[in-house]
Amino acid sequence: MKTISLSEHEVREAVSMREAIDAVRRGFAGLAGGEFEMPTRTALRDGRFLVMSAHHRPTQSAMVKTLSVNFDRVPAITGTVVWSTLDRLDHLIADAGAVTTLRTGAAVGVATDLLAAPDADRLTLIGAGGQAPDQVRAVHTVRPLRHLTIVGTSTERAQALATTLHAELDSTEIRVSTDPARAVGDAHIVCCATPATSPLFPESALPAQVHVNAIGAFRPTMRELPDELLVTSTVVVDELDAVLEESGEIIHALRAGTIARDDLTELGTALTSAPAHHRKRTVFKTVGVALQDWAIARLLADRFLP
């Protein structure tokens, strides 16, 4: 028996964003098809410690991720992803920070590819933290960007991210801002990646047609989106049980009576069902589910375990 351990750099070198998106797309389709045993994650200390697990029945494989989250440190997310199967003795352990940012970006890529207008090429990213670069990479993979606006808590922080991304987006016009409401006004796609506890912008600030991804709020006390946006949009979520327990936006809107459970469509269902009419505004709300980590871990296992 042997254990392969992979660093953040090794995870990044092994898996491209396109590969991650394709793997996560297959994972969500598999979830809709009943392939996964996936309990809702365990959250300790109000989400500062998280434990997630998934079992993929067809491959007899399982993934367990443990991590800690602290937005006052860099990196904010640390931990481990462990992969194992019933038919072999070897295990794989990977850096959870790299897997988490990669798989979260990949889910946004899947949803954006499904829901955003085919010619969408203007992204406003709100948040310049650790999750932010992979949000841009994922959107750019499925909707090549001509314009990117990065909104940070300070101009310096937003500009630092712009400098990091410039080499990867040499044909993209990049600007920075500290005003979310103003920055979303001409966006085709909006990505929210913040630890906000109240909406980042009013619904009225958005254009008539836009796709919004919200990945930052993962506890009931956190919110990035206003209720008014949810009620005027087609809303797709990663997994219903997960968002009903953890998503501040969804919980708040349900309690206020502005939306109902029937207004929510799981991403796996949206991927595998016949196309349905949807509104000009679309929202993808994700708190992150274990099948995403399993999908990345499987790619790593295929590469590193003989």
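Note that the structure is predicted; figures quoted are calculated from it, not measured. (Residues numbered from 1 in each chain as written. Predicted model: local features only at pLDDT ≥ 70, side-chain atom pairs only at ≥ 80, totals over all residues. Heavy atoms only, no water.)

### Points about the sheet that holds strand 9 (residues 147-151)
Part 1 of the reasoning: Taken together, eight strands build an open sheet; the order of strands is 10-9-8-11-12-15-13-14 and the sheet is parallel. With partners counted over all chains shown, the strands left at the sheet margins are strand 10 (173-177) and strand 14 (264-266), one partner each. Here the strands of the sheet are splayed against their neighbours by 20° on average, with no regard to which way each runs.
Part 2 of the reasoning: Of the pairings in the sheet, the one linking strand 13 (residues 234-237) to strand 15 (residues 281-285) comprises four bridges and is parallel in character. When the bridges of strand 15 are listed, Thr-234 appears paired with Thr-282. (Pairing = 2+ DSSP bridges. Helix = DSSP H or I, 4+ residues; strand = E, 2+ residues; numbered from the N terminus. Axes fitted to C-alpha atoms, helices over the stretch in contact; angles between N-to-C directions.)

### Quick look at the packing of aromatic side chains
Part 1 of the reasoning: In this structure the tally under the stated criterion is three aromatic pairs.
Part 2 of the reasoning: Centroid distance Phe-71 to Phe-218: 6.4 Å. Interplanar angle 55°. Geometry classified as tilted. Here the residue Phe-71 occupies a position in the loop between strand 5 (61-69) and strand 6 (77-85), and Phe-218 occupies one in the loop between strand 12 (210-214) and helix 7 (227-231), the gap between them amounting to 147 residues.
Part 3 of the reasoning: Of the residues examined, Phe-218 reaches a relative accessible area of 11% and is grouped as buried. (Phe/Tyr/Trp six-rings, centres within 6.5 Å; stacked < 30°, edge-to-face > 60°. Buried < 20%, exposed > 50% of the residue type's maximum accessible area, 1.4 Å probe, protein only.)

### Some points on the pattern of salt bridges
Part 1 of the reasoning: The final tally for this structure, using the stated rule, is 19 salt bridges.
Part 2 of the reasoning: For Arg-18, the salt bridge is made with Asp-22, and the minimal N-O distance between the two is 3.9 Å. Taken as a pair, Arg-18 and Asp-22 lie in helix 2 (residues 17-32) at a separation of four residues, close to a single helical turn.
Part 3 of the reasoning: According to the relative accessible area criterion, Arg-18 is partly exposed, its value standing at 37%.
Part 4 of the reasoning: On the basis of relative accessibility, which here comes to 26%, the residue Asp-22 falls in the partly exposed class.
Part 5 of the reasoning: Arg-137 is paired through a salt bridge with Asp-134; the nearest N and O atoms lie 3.1 Å apart. (Salt bridge = Lys/Arg side-chain N within 4 Å of Asp/Glu carboxyl O.)

By themselves, these observations are geometric and do not establish any function.
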